[in-house]
Amino acid sequence: MADAVSNLYSDKGIANVEAFLLGSGDWRRTGSGGVSVTIVGIDVNAGALALARVVPSTLRNALKEPDTVVVDEGDSDKLDIKSGETAEISGRKVRVIGLIRGLRGLGGVNIVTSLDTAIALDRTLPSSGGATYYLSRAAPAEAETTILERLNKYSISPSIETWKADDLAAISTNYMLMESGAGIAFVFATLIALFIGALITSQTLLSAVAGNVPQYATLRALGVSFGDIRVIVIEQAAWVGIFGFILSFSVSLIISTFAEIFSIPYDLRLTTILGASVALLLVAIFACVIAIQRLRETDPATLLR
Amino acid sequence: MTLAICAQDISKNYNIQNVHTRALDTISLEISAGEFTLLTGPSGCGKSTLLAVLSGMTKPDRGTVQSGDFVLTAASDQERDAFRLHKCGFIFQGFNLFPGLTAVEQVQIPLDYLKIPEERARQRAERALDSVGLSHRKHLRPAEMSGGEKQRVAIARALVKKPAILFADEPTSALDRENGERVVAILRAIAHRIGSAVLCVSHDLRLFSQADRILEMEDGKLRRDLRRPRT
Ligand SMILES: Nc1ncnc2c1ncn2[C@@H]1O[C@H](COP(=O)(O)OP(=O)(O)OP(=O)(O)O)[C@@H](O)[C@H]1O
Ligand SMILES: [Mg+2]
């Protein structure tokens, strides 16, 4: 293990190495019950990699003071704490010196602190240079994949795995969505929402068409061809589609505004919007085809009785 | 007298869940232009079915239907659609107006599909409404009209294209006496002034005195054919 790490330090493709610790603890405020938390120990030196976007440099610098922590503002209610107040983690007193945004977890609560404080809070964490993860910046001269290949081949022991940042993020996202309980519930909820959305869209269209069957039959009786009726139905479907798109787009915006307000991390990508739009389009087309099929069976002669 | 439509030995059977109905049983008849023909008979004797077959909405099982050189029973669906669009007008018991449209717009619809320019279509629609005594109601929607007014809009919609044949299925049964008589007088005028063949299904005895010809059906067959000399 130590060998592997020193190999990492000495590899010519690696510009710097920093430790990253993930431990756990028991959060308490005086007189209330405990909350089990994840302790995230990061390198607090200027220019360090860990949580570089979430923990601004002034807070990073402030975390150098022992027994100081920062928490996500979305968790401050759950932890019953404000910036400047103190609490205990696993029996040790800590002071919250600031709130951060964007680190709210799917299930647990993250407490961010310096490596030294993390080790002091969770005695099971490796001290003296050990770590849960090491973060490295690749030297610009070489391609990341080349470095990774060399590390895996020569330097690193089989008990250590290396990833590119993006790959680890993808693995982690995938794990959270597909293998953690909350993630599976989330995926299920999304599928159900998608299904209900599709159902609403198609039912809106079908009932719009069904409600107009006598009118379509009247047009047929007047001599309007089935082809012209089909054009009308397709037009109607297009309106349902456009309306549905505008509606879902606005609802997404409203929901994401709420997420912003309650600092729930979310990810609304153009590809997601496009994907949902394509799904909506397919549903509208499908419902349209069914509606036309049903209209084909309507007989203008039923108006004569 | 020119023949508007001519049917030869038409039969139509319905077979639904082993219930066999002989709706039309070898019927032959001719409908003449300029005549107000009344079709009557007990409920279920096949009057509406006959209208559907003569107008090309329903294909008979046997027999031929012909209008001039055009043989409906040999024509494709599209050809029969075009026949209805160009030659036929319809008046239904339930009016069947379009809820979202004003009276003029309703009447304009057939002309739009006949590709008549907007401006002329509008003038013709207004004239048609005028001829049924509704010029002061032309901007109302169906929800804002009485039953008699709605039926007169429907008549205007049927006559606006000066159809060769006008089919009406119980046009007065949803109306009171006064409105019913008014509608009948209009139908009769259409036959005599425009020269359309008007074929009207009715149980209403009051209509009989207005008709030029009375056809009586029973059990899918034509029982009687009475023609009154035109005065
Ligand atoms: N689409 C259909 N399917 C099955 N049977 C039908 C259908 N249309 C009509 N029939 C049957 O054909 C017969 C004639 O029906 P039709 O509607 O022509 O009668 P009608 O003379 O118009 O009666 P009414 O005076 O009550 O309107 C009836 O027995 C009816 O049940
Ligand atoms: Mg009938």
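Here, every reference points to the structure presented above.
Summarised in this report is the structure supplied together with it.

Further remarks concern the overall build of chain B. When its secondary structure is counted, chain B shows seven helices and ten strands. What you see for chain B is a C-alpha radius of gyration of 17 Å, in line with the 17 Å of a compact globule of 231 residues. Its C-alpha atoms give chain B principal-axis dimensions of about 50 × 40 × 40 Å. Residue pairs in contact within chain B that sit at least 24 positions apart in sequence constitute 69% of those at least 6 positions apart. With an accessible surface of roughly 10500 Å², chain B has 47% of that area assigned to carbon and sulfur atoms. Distance between charge centroids for chain B: 2 Å, based on 33 positive and 28 negative side chains.

On the surface, Ile184(A), Phe188(A), Ile192(A), Phe195(A), Ile196(A), Leu199(A) and Ile200(A) cluster together into a nonpolar patch covering about 690 Å² of accessible area. Relative to the assigned elements, Leu199(A) resides in helix H7 (residues 181-211).

Before going further, it helps to examine the sheet that holds strand S2 (residues 19-32) of chain B. Residue and element names in this part refer to chain B. Strand order in the open sheet formed by four strands is S2-S1-S4-S5, with antiparallel pairing between adjacent strands. With one partner strand each, in any of the chains shown, S2 and strand S5 (70-71) form the two edges of the open sheet. With two bridges connecting them, strand S4 (residues 62-67) and S5 associate as antiparallel partners. Counterpart to glutamine 66 in the pairing with S5 is valine 71. In this fold helix H1 (residues 47-54) packs onto strand S1 (3-16), S2 and S4, with an angle of close to 60 degrees to the strand it touches most, S2.

Now for the site of ligand 1. Close to ligand 1 lie 14 residues, the nearest being Ser43(B), Gly44(B), Lys47(B), Ser48(B) and Thr49(B). Ligand 1 is flanked by residues contributed from chains A and B. Within the side chain of Ser48(B), a nitrogen or oxygen atom sits 2.7 Å from an oxygen atom of ligand 1. About the coverage of ligand 1: the protein hides 67% of its 630 Å² of free accessible area. For the shell around ligand 1, the elements supplying multiple residues, two or more each, are S1, S2 and H1 of chain B. The class makeup of the residues in the shell around ligand 1 is four nonpolar, seven polar and three charged.

A few words now on the pattern of salt bridges. All names here are of chain A. The full count for this structure, using the stated rule, is 21 salt bridges over all chains. Put simply, lysine 78 and aspartate 75 hold a salt bridge, and the shortest N to O gap is 3.8 Å. Each member of the salt-bridge network shares a partner with another, and the members are Glu73, Arg101 and Glu260.

As a further point, take helix H8 (residues 213-222) of chain A. Side chains that are three or four residues apart share a direction in an α-helix, a result of its 3.6 residues per turn. Counting buried positions along H8(A) yields seven of ten residues, so the element is predominantly enclosed. All of the buried residues in H8(A) are Tyr216(A), Ala217(A), Thr218(A), Leu219(A), Arg220(A), Ala221(A) and Leu222(A).

Moving on, we get to empty space enclosed by the protein. Throughout the structure, instances matching the rule amount to one cavity of 30 Å³ or more. For the largest cavity, the full set of lining residues is Val53(B), Gly56(B), Thr58(B), Lys59(B), Pro60(B), Val65(B), Leu72(B), Thr73(B) and Arg80(B).

All right, on to the sheet that holds strand S7 (residues 165-169) of chain B then. Residue and element names in this part refer to chain B. The sheet built from six strands is open, its strands ordered S6-S7-S8-S3-S9-S10 with mixed pairing. Strands at the two margins of the open sheet, each flanked by one partner only, are strand S6 (88-91) and strand S10 (221-227). Direction aside, the axes of adjacent strands within the sheet are offset by 15 degrees on average.

With that out of the way, let us pick up the interface of chain A and chain B. Each partner contributes to the interface: chain A provides 19 residues, whereas chain B provides 18 residues. Here chain A and chain B share an interface that buries about 1700 Å² over both sides, 63% of which is from carbon and sulfur atoms. The largest per-residue losses of area from chain A upon contact with chain B belong to Leu222(A), Leu304(A) and Arg305(A), which jointly make up 37% of the total buried on that side. The salt bridge involving Arg220(A) is made with Asp81(B); its shortest N-O contact spans 3.1 Å. Contributing elements (two or more residues each) for the side of chain A that touches chain B: H8 and helix H9 (226-261) of chain A. Tallying contributions element by element places H8(A) first for the side of chain A that touches chain B, with seven residues.

Parameters and conventions
Residues numbered from 1 in each chain as written. Chains lettered and ligands numbered in written order. Predicted model: local features only at pLDDT ≥ 70, side-chain atom pairs only at ≥ 80, totals over all residues. Heavy atoms only, no water. Helix = DSSP H or I, 4+ residues; strand = E, 2+ residues; numbered from the N terminus. Rg over C-alpha atoms; globule rule 2.2 N^0.38 Å. Contact = heavy atoms within 4.5 Å. Areas by Shrake-Rupley, 256 points an atom, 1.4 Å probe, with all protein chains shown as cover. Lys, Arg positive; Asp, Glu negative; His and termini not counted. Charge placed at Lys NZ, Arg CZ, Asp CG, Glu CD. Patch = residues over 30% accessible without salt bridge, like charges linked within 9 Å, V, L, I, M, F, W, Y side chains within 5 Å. Salt bridge = Lys/Arg side-chain N within 4 Å of Asp/Glu carboxyl O. Pairing = 2+ DSSP bridges. Axes fitted to C-alpha atoms, helices over the stretch in contact; angles between N-to-C directions. Near = heavy atom within 4 Å. Polar contact = N/O pair within 3.5 Å; in protein donor to acceptor, adjacent residues only side chain to side chain. Nonpolar A, V, L, I, M, F, W, Y, C, P; charged D, E, K, R; others polar. Buried < 20%, exposed > 50% of the residue type's maximum accessible area, 1.4 Å probe, protein only. 1 Å grid on protein atoms, 1.4 Å probe; cavity = no way out; pocket = protein on both sides within 12 Å on 5 of 7 lines; lining within 4 Å. Points joined across faces, edges and corners; volume = space filled by probe spheres on them. Buried area = accessible area lost by both parts, 1.4 Å probe.

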